[in-house]
Amino acid sequence: MSRAVRLRQLRAVFVLELRRLFRGRDGIGVLLFAAAPFLLTSVVVFVRGEAFAAGRLESNFASLFQNLVLQVTLFFGCLFAFGNLVRGEQMAKTLHHLLLAPVRREVIVLGKYLAALAVTSGLFGGFSALSYLVLLSGQGRSAALSHLASGGAARLLAYVLVTILACAGYGAVFLVLGQWAKSPILPALAFWGWEHLNFLLPEVLKRLGLIHYLLSLTPVTVPEGFLAVIGEPVPAWAAIPAPLLLAGALLAFAAWKARRAEVDYGVE
Amino acid sequence: MSGALSGDLIVFDEVSKFYGEVLGVDRVTLSIPPGITGLVGPNGSGKTTLMNLATGLIRPTRGGVSVLGLPPSDPERLFRVVGYCTAFEAFPPGVTGRAFLEGILSLRGEGGAVARSRAARALERVGLVDAAGRKVAAYSKGMRQRLRLAAAIAHDPRVLLLDEPLNGLDPMARAEVLELFRALAAEGKHVVVSSHILHEVDLLADRVVLVKSGYVVAEGEAHGLREEVAERPMQVLVRCDRPGFLAARLFEEGLVSEVGLHEDGLGLLARTKTPDRFFLALNEAVLEGGLEVETVTPADDDVKAVYRYLIEGGEAS
């Protein structure tokens, strides 16, 4: 089969998965998780009624992004989107429609993963950017533009990059969990605990948590509390490829698992 | 079996499938040539397991399967030549019949125009053109069955596996679909039809394979089996708005030995020894009397009785 045909098949799987995500409950769940920090920020800004000082704005957003977005809403939003890529179709008894087409199962897994990555990156990246802009909005147009021009835009881009890397890494983990576990919730909660307590771990163990690499890339550092074990941030040349390498390895595993997977919904 | 020998056959070679401790099928050896083959057995006998094995949805615990020389583990090549109409009823949420079909066909990587053209032709062949723009969720059971069939035949496969394809179809649609199967077989294709109703397949198939409790208990030309069961009465359940009229008509033509009307006045259970003529007369009565028919189902679920009759020489119930 030619590369061009496989690429068209990949695009077809991608499009079908996008439609499935937007038509189903999974998409609504992801949307709610992604929009929550933005809604919270909007309410805070509206209730407060006055602009944040420039320095305070950055630290407030950094805190919101690291503690709420990265560690809660994005994590569980990705669980919704990626955990159900295969498992959701198995439960809905629709997986066979894909598996009865002349498509390699690796292509199906990759197409589904890319669709979920596009949706989660778009929603979490977009709403994170909107939250930042809402915080900035109280400063007036010229001050806001000046803030963006003097490093704000670069920091905003960095946050969006971290969001995409987080979706890629967590997404791959949840894709595999969705294939491997009958209910991915419990292992996902265990993983969340591991990620959440990363700040308490010694340096060597910190490096086993995805969050460590992601936090190393955030442009503003937020104090992690008096119990935190302070570790050296990972340099960008290592922190950027780390989540991608993890995602690549897990995708290879997911493809291998998909090739061996059986579809039996219990008919007969 | 060598590739050359198995190149035109669907081959099961000593195939066993266990679901944990539970037997799916055991030591099945079959070679299915082109033409219509009926796979008959009661629910849970292993028919769907055999079809799922042939299409790679499940893998054998032992033995090997090939379809026209292709292994089921190679979906890229296998599903260029195989179409499988499953018994699984679910469709993706929110899709129309046409969108579903075009989506499935787009997976073949042939481009949108080809997918649209193939989808349109398949919808036409199964008589679903008018409903193609409606959401599948609003389809009747028979329409969903026809849509599954359209998905299986849309790419013009050489091998067609059909799991209980007549379920939920009204008499007219049933006749049309049977005609479609005959036309596909006449083109030299393999058409494998599973059913738990022997008579249903008997009307259609060149060969019949009887499956029971995971084992192939008999196989051969349908003609021989047909003669053996010719005298065996068959029960048919008809749900319609005027069962009294229908019963009178069938009695008048001497096609039923016994008819029981349902208490709700919306159905009857008829017993006939001439099913071919019975179904013909039923269609005529429906058309002439303008009956609203909800379902027509052969009620001889007790295939065990047929097995006793065919294999053990016992009396049919």
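Engineer: What should I look at first to understand the overall build of chain B in this one?
Structural biologist: On a plain count of helices and strands, chain B comes out with 12 helices and 13 strands. Sequence separation of 24 or more characterises 65% of the internal contacts of chain B that already satisfy a separation of 6 or more.

Engineer: Can you walk me through the overall build of chain A in this structure?
Structural biologist: Helix and strand content of chain A: 11 helices and zero strands. Walking chain A from its N terminus toward its C terminus, one meets helices and strands in the order α-α-α-α-α-α-α-α-α-α-α. For 268 residues, the compact-globule estimate of 2.2 N^0.38 gives 18 Å, and chain A sits close to it at 20 Å. When the backbone C-alpha atoms are referred to their principal axes, chain A occupies close to 65 × 40 × 35 Å.

Engineer: What is the right way to read the domain arrangement of chain B from this model?
Structural biologist: Size of an interface: often given as the accessible area lost when the parts come together. What the domain assignment lists for chain B is domain 1 (3–227) and domain 2 (231–312). Taking only C-alpha atoms into account, the centre of domain 1 of chain B sits 27 Å from that of domain 2 of chain B.

Engineer: When you look at helix α5 (residues 112–125) of chain B in this model, what are you seeing that I'm missing?
Structural biologist: A turn of α-helix holds 3.6 residues, and therefore any two residues three or four places apart point the same way. Residue and element names in this part refer to chain B. Taking 1.5 Å per residue as the helical rise, α5 with its 14 residues ought to reach 20 Å, and the 20 Å between its terminal C-alpha atoms agrees with that figure. When α5 is considered as a whole, its buried residues turn out to be Ala115, Arg118, Ala119, Ala122 and Leu123. Projected down its long axis, α5 shows its buried positions confined to an angular sector of 135°, all on one face. For α5, the exposed residues lying more than 90 degrees away from the buried face are Ala113 and Glu124. Summarising the contacts, the buried residues of α5 are in contact with α4 (97–106) and α6 (141–153). Positive backbone phi, approximately 70°, marks glycine 127, located one or two places after α5.

Engineer: Would you mind going over the packing of helix α5 (residues 105–137) of chain A against helix α11 (residues 241–260) of chain A with me for this structure?
Structural biologist: A pair of packed helices is captured by two measures, namely the crossing angle of their axes and the spacing between those axes. Residues and elements named next belong to chain A. At their nearest, the axes of α5 and α11 sit 8 Å apart, and the two run at 130° to each other. In terms of their interaxial angle, α5 and α11 are classed as oblique. By crossing handedness, the relation of α5 to α11 is classed as right-handed. Only Leu251, Ala254, Ala255, Ala258 and Arg259 of α11 make contact with α5, whose side of the interface consists of Arg105, Glu106, Ile108, Val109, Leu110 and Tyr113.

Engineer: Got a minute to help me understand the sheet that holds strand β10 (residues 234–240) of chain B in this structure?
Structural biologist: Sheets are built from strands paired through backbone hydrogen bonds, the pairs being either parallel or antiparallel. Residues and elements named next belong to chain B. Pairing in this open sheet of four strands is antiparallel, and the strands run β11-β12-β10-β13 from one edge to the other. The open sheet terminates on both sides in strands that have one partner only, identified here as β11 (258–261) and β13 (293–298). Averaged over all pairs of adjacent strands, the angle between strand axes in this sheet comes to 15°, irrespective of strand direction. Both β10 and β13 contribute to a ladder of five bridges, which runs antiparallel. What sits directly across from leucine 237, in β13, is threonine 297. Lying over the sheet, helix α10 (residues 243–252) contacts β10, β11 and β12 (267–272), oriented at roughly 175° with respect to β11.

Engineer: Before we go on, may I ask you to explain the nonpolar core in this structure?
Structural biologist: Proteins that are soluble and globular tend to have nonpolar side chains buried together. With 142 residues, the main nonpolar core has Leu214 of chain A together with Leu101, Ala150, Leu161 and Val193 of chain B as its most contacted residues. Filtering out sequence-adjacent residues up to four positions away, leucine 101 of chain B remains in contact with Ala119, Ala122, Leu123, Ala150, Ala151 and Ala154 of chain B.

Engineer: What is the right way to read the sheet that holds strand β2 (residues 22–32) of chain B from this model?
Structural biologist: Residues and elements named next belong to chain B. Taken together, three strands build an open sheet; the order of strands is β2-β1-β4 and the sheet is antiparallel. Edge positions in the open sheet fall to β2 and β4 (62–67), since each of these has one partner strand only. Taken over all neighbouring pairs, the strand axes of this sheet differ in orientation by 20° on average, direction set aside. Bridge count for strand β1 (residues 10–19) against β2 is seven bridges, and the pairing is antiparallel. In the strand pairing of β2, phenylalanine 12 is matched with leucine 30. In this fold helix α2 (residues 47–54) packs onto β1, β2 and β4, with an angle of close to 115° to the strand it touches most, β1.

Engineer: Help me understand the confidence of the model for chain A, please; the structure alone is not making it clear to me.
Structural biologist: Residues at a pLDDT of 70 or more form 98% of chain A, whose mean pLDDT is 90. Of all the helices and strands in chain A, helix α8 (residues 203–206) of chain A carries the lowest mean pLDDT, 84, while α11 of chain A carries the highest, 96.

Engineer: Would you mind showing me how to read the interface of chain A and chain B here?
Structural biologist: On the side of chain B, 29 residues touch chain A, which itself brings 30 residues to the contact. Where the side of chain A that touches chain B is concerned, the elements lending two or more residues are α1 (3–23) and α4 (95–99) of chain A. When residues in the side of chain A that touches chain B are grouped by element, the largest group, nine residues, is from α1 of chain A. Partitioned by chemical class, the residues of the side of chain A that touches chain B number 15 nonpolar, five polar and 10 charged.

Engineer: When you look at the packing of α4 of chain B against α6 of chain B in this model, what are you seeing that I'm missing?
Structural biologist: Residue and element names in this part refer to chain B. Where α4 contacts α6, the two axes come as close as 10 Å, and the packing angle between them is 25°. Relative to α6, α4 is oriented roughly parallel. Crossing hand, α4 versus α6: right-handed. Residues Gly97, Phe100, Leu101 and Ile104 of α4 lie in contact with α6, whose contacting residues are Leu147, Ala150 and Ala151.

What counts as what
- Residues numbered from 1 in each chain as written.
- Chains lettered and ligands numbered in written order.
- Predicted model: local features only at pLDDT ≥ 70, side-chain atom pairs only at ≥ 80, totals over all residues.
- Helix = DSSP H or I, 4+ residues; strand = E, 2+ residues; numbered from the N terminus.
- Contact = placed C-beta atoms within 7 Å.
- Rg over C-alpha atoms; globule rule 2.2 N^0.38 Å.
- Domains from an automatic or database assignment.
- Expected span 1.5 Å × (residues − 1).
- Buried ≥ 20, exposed ≤ 12 C-beta atoms within 10 Å, placed from the backbone.
- Arc of directions from axis to C-beta.
- Axes fitted to C-alpha atoms, helices over the stretch in contact; angles between N-to-C directions.
- Parallel < 35°, antiparallel > 145°, perpendicular 65-115°, else oblique.
- Left-handed = near helix turned anticlockwise from the far one by under 90°.
- Pairing = 2+ DSSP bridges.
- Core = buried A, V, L, I, M, F, W, Y, C linked by C-beta atoms within 7 Å.
- pLDDT = per-residue confidence, 0-100.
- Nonpolar A, V, L, I, M, F, W, Y, C, P; charged D, E, K, R; others polar.

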